[in-house]
Amino acid sequence: MSTTSKVVFGISLTLTLATVAGVHIKQNWDREKLREGVFRDLERLERKKENLRLLEEQISLTKELEAERQRSAAGPQSP
């Protein structure tokens, strides 16, 4: 084998190994990002449930406050 063919073979072998390693690393990185996405989605859903619960609580408190104000306003006017 000539020196040129050995150099070309070495370069192609190095590039092939680098490509395989790069693809493997990228796949692991993508898989980890997908897994993190699932956890983020679960956290987001929990925050959404909590926000809805707080909103319903605020709506209920607002209705109670409005009813109390109407009772207070109606009370002094009718002796």
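Residues numbered from 1 in each chain as written. Predicted model: local features only at pLDDT ≥ 70, side-chain atom pairs only at ≥ 80, totals over all residues. Heavy atoms only, no water.

A. Representation of the overall build of the protein chain in the model. When helices and strands are tallied, the protein chain shows 1 helix and 0 strands. Taken over C-alpha atoms, the radius of gyration comes to 34 Å for the protein chain, far larger than the 12 Å a tight globule of 79 residues would show. On the principal axes, the C-alpha backbone points of the protein chain span a range of 115 × 15 × 5 Å. The buried share among the 79 residues of the protein chain stands at 1%. Accessible surface, the protein chain: about 7400 Å² in total, of which carbon and sulfur atoms supply 63%. Charge centroids of the protein chain, computed over 14 positive and 12 negative side chains, lie 9 Å from each other. (Helix = DSSP H or I, 4+ residues; strand = E, 2+ residues; numbered from the N terminus. Rg over C-alpha atoms; globule rule 2.2 N^0.38 Å. Buried < 20%, exposed > 50% of the residue type's maximum accessible area, 1.4 Å probe, protein only. Areas by Shrake-Rupley, 256 points an atom, 1.4 Å probe, with all protein chains shown as cover. Lys, Arg positive; Asp, Glu negative; His and termini not counted. Charge placed at Lys NZ, Arg CZ, Asp CG, Glu CD.)

B. Broad picture of the UniProt feature "signal peptide" (unreviewed entry) in the protein chain. As recorded in UniProt, the sites labelled "signal peptide" (unreviewed entry) are residues 1-22. In the segment residues 1-22, helix accounts for 91% and strand for 0%; the C-alpha atoms at its two ends are 30 Å apart. (UniProt positions renumbered as here; feature names shortened; annotations may be inferred.)

C. Fine view of the UniProt feature "coiled-coil region" (unreviewed entry) in the protein chain. Residues given the UniProt feature "coiled-coil region" (unreviewed entry) here are residues 35-65. Structurally, residues 35-65 is divided into 100% helix and 0% strand, and its ends, taken at the C-alpha atoms, are 45 Å apart.

D. Layout of the environment of Val23. Mapping Val23 onto the fold places it in helix H1 (residues 3-77). Under the relative-accessibility criterion, Val23 is labelled partly exposed at 45%. Between the alpha carbons of Val23 and Arg69 there is a distance of 67 Å; along the sequence they are 46 residues apart.

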